[in-house]
Amino acid sequence: MAFPVPTSLSPSRVDAFTSCPLAFRFASIDKLPEPPSPHTTKGSLVHRALELLFCEPPAQRSIEVALTALDRAVTEFQSDPEFRLLGLDDDAQRAFVDEAELLVRRYFTMEDPTRVRDIGLELRLEAQVGSLTLRGIIDRLELDDDGGLVVTDYKTGKPPRERHEQGRLAGVHFYAFLCQEVFGRRPSRIQLMYLSTGEIIEARPTAQSVQFLPKRTQAVWTAVERACAAGEFKPRSGPLCAWCSFKPWCPAFGGDPERAAAEAPAAFGHLVPVA
Ligand code: SF4
């Protein structure tokens, strides 16, 4: 059975095909819901608090204002279905918010937000690579002292070990590509701010690194189109299986992929599949 080819995706979703074609199919073609994770939801909460902080004039970006922003973000999230699906009781919710507060406080040890010349927050950008529209959200875009563009990506997980660093930066080069396509300028710097440790990983994109991205994406996308036409998305088991939400329907673990669409929403507590 042939599958419809998606027309727009984030680069991480495209990369997911190379990790496991079947997991890619479940997430990006069947669009199966996945259970919310406290880690991802906490990351979204901290991103929202920092976005609200940067909505304030630079001189007013104090830690007290950031904590007020976090309170507001918590109020917003309490009505969010993803947050409610976590099923946190009062104690667990308090611990969850305390951990988010630690991340917000650590941000202030990494840079002085009153000196940041931001020109965009949570920017939704898209660019065309062949028949595919690549979409991405830039946490923060700013200007450096020389007027160059700087892309900042907040991370709430652990920083990569050194040998995996370039892999993480591959995602960031995508943001450089987006900036070049949308604004006609390559960023002079990209920084990943790891709020869990206070570490900052920086990259300076080159013309070569930016040009490489659409070539690689196009190559992966050709493989996706072939898999859709042939209706063949094979499981590729590996370390990621330990965190895969779709394991109950994976033939590598004795499951039946064709039952996933009917069973996953109820299994994960969703009433309807999330697009
Ligand atoms: S369990 Fe492993 S092999 Fe199966 S779909 Fe998930 S990642 Fe792929």
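Look a little higher up for the structure.
Report on the accompanying structure. Remember, it's a predicted structure, so these values are computed and weren't measured experimentally.

Below, the discussion takes up the pairing of strand β3 (residues 132-143). If a strand is regular, its side chains alternate between the two faces of the sheet. Counting buried residues in β3 gives 9 out of 12 residues, a clear majority hidden from the surface. In this structure, strand β1 (residues 8-9) lies alongside β3, joined through 2 bridges in parallel fashion. Residue pairing for β3: leucine 9 is matched across the bridge by leucine 134. Where strand β2 (residues 117-129) folds back on β3, the antiparallel hairpin that results is connected by 2 residues, among which glycine 130 adopts a positive phi of roughly 60 degrees.

When you tally the buried positions in strand β4 (residues 149-155), you get 6 out of 7 residues, the bulk of the element. Here β3 folds back onto β4 in antiparallel fashion, the turn holding 5 residues, of which glycine 147 has a positive phi close to 85 degrees. Strand direction decides the pairing type here: β4 and strand β5 (residues 189-194), joined by 6 bridges, are parallel. In the sheet register, aspartate 153 faces β5, and the bridge partner there is leucine 192.

A separate point is the layout of surface pockets. The volume enclosed by the second largest pocket comes to roughly 280 Å³. Considering the residues around the second largest pocket, the lining is formed by Glu111, Asp112, Arg115, Val116, Arg117, Glu142, Leu143, Asp144, Asp145, Val150, Arg189 and Gln191. Of all the secondary-structure elements, those providing two or more residues to the lining of the second largest pocket are β3 and β5. Each residue belonging to the lining of the second largest pocket can be placed in one class, and the counts come to 3 nonpolar, 1 polar and 8 charged.

In this section: the pattern of salt bridges. Side-chain pairing between opposite charges can occur once the charged atoms of the two side chains come close. One pass over the structure, following the stated rule, counts 16 salt bridges. A salt bridge links arginine 25 to glutamate 258, with the nearest nitrogen and oxygen atoms 3.4 Å apart. Here arginine 25, found in helix α2 (residues 21-29), pairs with glutamate 258, found in the loop between α8 (207-230) and α9 (260-267); they are 233 residues apart in sequence, far enough to count as distant. Of the residues examined, arginine 25 reaches a relative accessible area of 7% and is grouped as buried. A salt bridge links glutamate 76 to arginine 48, with the nearest nitrogen and oxygen atoms 2.7 Å apart. Taken as a pair, glutamate 76 in helix α4 (residues 63-78) and arginine 48 in helix α3 (residues 38-54) lie far apart in primary sequence, 28 residues in all. Through salt bridges with shared partners, a single ionic network connects Arg48, Glu51, Arg72 and Glu76.

We now examine the packing of aromatic side chains. Per the stated rule, a full pass over the model turns up 11 aromatic pairs. Seen in terms of ring centroids, phenylalanine 24 and tryptophan 221 are 6.5 Å apart; in terms of plane orientation they differ by 75 degrees. Their pairing is edge-to-face. With phenylalanine 24 in helix α2 and tryptophan 221 in helix α8, this pair connects stretches of sequence that are 197 residues apart. Owing to a relative accessible area of 1%, tryptophan 221 belongs among the buried residues under this scheme.

Right, let's talk about helix α1 (residues 11-19) for a bit. Residues of α1 that are buried include every one of Pro11, Val14 and Phe17, and no others. The arc that holds every buried residue of α1, seen down its axis, measures 105 degrees, which confines them to one face.

Cut-offs used in this document
- Residues numbered from 1 in each chain as written.
- Predicted model: local features only at pLDDT ≥ 70, side-chain atom pairs only at ≥ 80, totals over all residues.
- Heavy atoms only, no water.
- Buried < 20%, exposed > 50% of the residue type's maximum accessible area, 1.4 Å probe, protein only.
- Helix = DSSP H or I, 4+ residues; strand = E, 2+ residues; numbered from the N terminus.
- Pairing = 2+ DSSP bridges.
- 1 Å grid on protein atoms, 1.4 Å probe; cavity = no way out; pocket = protein on both sides within 12 Å on 5 of 7 lines; lining within 4 Å.
- Points joined across faces, edges and corners; volume = space filled by probe spheres on them.
- Nonpolar A, V, L, I, M, F, W, Y, C, P; charged D, E, K, R; others polar.
- Salt bridge = Lys/Arg side-chain N within 4 Å of Asp/Glu carboxyl O.
- Phe/Tyr/Trp six-rings, centres within 6.5 Å; stacked < 30°, edge-to-face > 60°.
- Arc of directions from axis to C-beta.

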